[in-house]
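Residue-level structural notes
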Amino acid sequence: SQYLVLDQQKTTSAKEGATIWRLADCSENHIKGHTLTAKQKSQEFEILHEDFLKVRTHIDKKSYSRIKKAREVLRSKPAATDAEVERQ
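1. Digging into the side chain of Thr19
Assignment of secondary structure puts Thr19 in strand S2 (residues 18–23). Of the residues examined, Thr19 reaches a relative accessible area of 10% and is grouped as buried. Looking at Thr19, its side chain comes within polar contact range of the side chain of Trp21, at 2.6 Å. Residues contacting Thr19, with those up to four places away along its chain left out, are Leu6, Thr11, Phe45, Glu46, Ile47, His49 and Phe52.

And the structure:
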């Protein structure tokens, strides 16, 4: 299997319902310890949303901590809104 990374800049300019992906520069994509070639790094794959069968995501520590903080904020907002309704 190959690991792909989403190209967010090109995806925003892609056609509706499509995403642009590149090969991820990770050990799983390296053949016999060799890194990706320039040709492999420049390859792009356009994948339509309906063509996805299964997706697994890997999130780095920095991104995970940002997601965790955002969840905490979102979970605390409904509680604050309920408290305001009770006061009225």
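2. Focus on a nonpolar patch on the surface
On the surface, Ile59, Tyr64 and Ile67 cluster together to form a nonpolar patch covering roughly 270 Å² of accessible area. Positionally, Ile59 belongs in the loop between strand S3 (45–48) and helix H3 (61–87). We classify Ile59 as partly exposed; its relative accessible area is 47%.

3. What about the environment of Ala24?
Residue position: Ala24 is located in the loop between S2 and helix H2 (38–42). A C-alpha to C-alpha distance of 5.5 Å links Ala24 and Tyr3, two positions 21 residues apart in sequence. The contact partners of Ala24, leaving out residues within four places of it in the chain, are Tyr3, Leu4, Val5, Asn29 and Leu36.

4. Digging into the sheet that holds S2
The strand order across the open sheet built from three strands is S1-S2-S3, with neighbouring strands paired in antiparallel fashion. For this open sheet the edge positions go to strand S1 (4–6) and S3, each flanked by a neighbour on one side alone. Across the sheet, the axes of successive neighbouring strands diverge by a mean angle of 45°, strand direction being ignored. Here S2 pairs with S3 via four bridges, running antiparallel. Looking at S3, one finds that Trp21 is bridged to Phe45.

5. Structural notes on the pattern of salt bridges
Across all of its chains, the model carries two salt bridges by this definition. With a shortest N-O distance of 2.3 Å, Glu44 and Lys10 are connected by a salt bridge. Placement of Glu44 in the loop between H2 and S3 and of Lys10 in helix H1 (residues 8–13) is noted, with a sequence separation of 34 residues between them. By relative accessible area, Glu44 is classed as partly exposed at 39%. Take Lys10: its relative accessible area is 39%, and that puts it in the partly exposed class.

6. Details of the confidence of the model for the chain
On average, the chain scores 83 in pLDDT, and the residues at 70 or more come to 84%. Confidence, expressed as mean pLDDT per element, reaches its minimum in the chain at H1 with 77 and its maximum at H2 with 91.

Conventions we followed
- Residues numbered from 1 in each chain as written.
- Predicted model: local features only at pLDDT ≥ 70, side-chain atom pairs only at ≥ 80, totals over all residues.
- Heavy atoms only, no water.
- Helix = DSSP H or I, 4+ residues; strand = E, 2+ residues; numbered from the N terminus.
- Buried < 20%, exposed > 50% of the residue type's maximum accessible area, 1.4 Å probe, protein only.
- Polar contact = N/O pair within 3.5 Å; in protein donor to acceptor, adjacent residues only side chain to side chain.
- Contact = heavy atoms within 4.5 Å.
- Patch = residues over 30% accessible without salt bridge, like charges linked within 9 Å, V, L, I, M, F, W, Y side chains within 5 Å.
- Areas by Shrake-Rupley, 256 points an atom, 1.4 Å probe, with all protein chains shown as cover.
- Salt bridge = Lys/Arg side-chain N within 4 Å of Asp/Glu carboxyl O.
- Pairing = 2+ DSSP bridges.
- Axes fitted to C-alpha atoms, helices over the stretch in contact; angles between N-to-C directions.
- pLDDT = per-residue confidence, 0-100.

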